[in-house]
Amino acid sequence: MEINRFRGDNKPFRFTLYSDKKNNIRLPLNGLIFRLTVNSEKDPETTDKQIFTLNGINVDDAEGILEFRPTRDNMNIPKGVYYYDIQVTNITGDYDDTIQKDKFIIGQDISK
C-alpha cells in the first residue's frame, strides 16, 4: 500500500493487520514490536540514505490496529518518491519479518 502525504503533514499512518484477511481475522499485536523505515532508495544495502524510522504504536491490540506517528520534522522532506518498509519483531527478539514494503510519496504543499 502506497503512503501519500504532503510535505510537513504529520497525520499518523494507520494500518489494520490481519492473520487471515479473507475471513476478516485480525492479527493480535500483543508481544509484537513494529518499525517503519523510510529510505530514498528502493532496495538500500546500507542506512546511508535512510530518511527516518518510527516505532509503531499498538492502538488496539485485539483488533490489529497499528499506528506510526511522524513528527513535522520527519515529514519536512523534499517532495518526491521514497520507499518504506514495516518490520515486525517478537518481544524477545527471536525474529524479524518485513510485512509491508511500498512507495512513500511526498507531494508539495501550498500552505507554509
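As shown above, the structure is provided for reference.
All figures in this text were calculated on a predicted structure; none of them were measured in a lab.

Caption draft 1: Representation of the packing of aromatic side chains within the structure. Considering all chains together, one arrives at three aromatic pairs under this definition. Residues Phe 52 and Phe 104 carry aromatic rings whose centres are separated by 5.9 Å and whose planes lie at 75° to one another, so their mutual orientation is edge-to-face. Of the two residues, Phe 52 is situated in strand β6 (residues 50–55) and Phe 104 in strand β10 (residues 96–107); the sequence distance between them amounts to 52 residues. Assigned by exposure class, Phe 52 and Phe 104 land together as buried. Feature note: the residues Phe 13, Phe 52 and Phe 104 constitute an aromatic cluster, connected by ring pairs.

Caption draft 2: Geometry of the pairing of strand β5 (residues 32–39). Counting buried residues in β5 gives six out of eight residues, a clear majority hidden from the surface. With eight bridges joining them, β5 and strand β9 (residues 80–90) adopt antiparallel strand pairing. Each residue of the ladder has a partner; that of Ile 33, found in β9, is Thr 89. Two elements, β5 and β6, share five bridges in a ladder whose sense is antiparallel. Its bridge partner lying in β6, Leu 36 is registered against Leu 54.

Caption draft 3: Main features of the side chain of Arg 5. On the secondary structure map, Arg 5 appears in strand β1 (residues 3–6). Despite its burial, Arg 5 remains without a salt bridge, the nearest opposite charge being carried by Asp 9 at 6.9 Å. Among the polar contacts made by the side chain of Arg 5, one reaches the main-chain carbonyl oxygen of Pro 12 at a distance of 3.0 Å.

Caption draft 4: Structural view of the nonpolar core. Counting residues in hydrophobic clusters, the biggest one holds 21 residues, and the most contacted among them are Phe 13, Phe 15, Phe 34, Leu 36, Phe 68, Tyr 84 and Phe 104. Looking at this core, the elements with two or more residues in it are β2 (13–16), β5, β6, β8 (65–68), β9 and β10. When near neighbours in sequence (up to four residues on either side) are disregarded, Phe 104 contacts Ile 3, Phe 13, Val 38, Phe 52, Met 75, Ile 77, Gly 80, Val 81, Tyr 82, Tyr 83 and Tyr 84.

Rules behind the numbers
Residues numbered from 1 in each chain as written. Predicted model: local features only at pLDDT ≥ 70, side-chain atom pairs only at ≥ 80, totals over all residues. Heavy atoms only, no water. Phe/Tyr/Trp six-rings, centres within 6.5 Å; stacked < 30°, edge-to-face > 60°. Helix = DSSP H or I, 4+ residues; strand = E, 2+ residues; numbered from the N terminus. Buried < 20%, exposed > 50% of the residue type's maximum accessible area, 1.4 Å probe, protein only. Pairing = 2+ DSSP bridges. Lys, Arg positive; Asp, Glu negative; His and termini not counted. Salt bridge = Lys/Arg side-chain N within 4 Å of Asp/Glu carboxyl O. Polar contact = N/O pair within 3.5 Å; in protein donor to acceptor, adjacent residues only side chain to side chain. Core = buried A, V, L, I, M, F, W, Y, C linked by side-chain atoms within 4.5 Å. Contact = heavy atoms within 4.5 Å.

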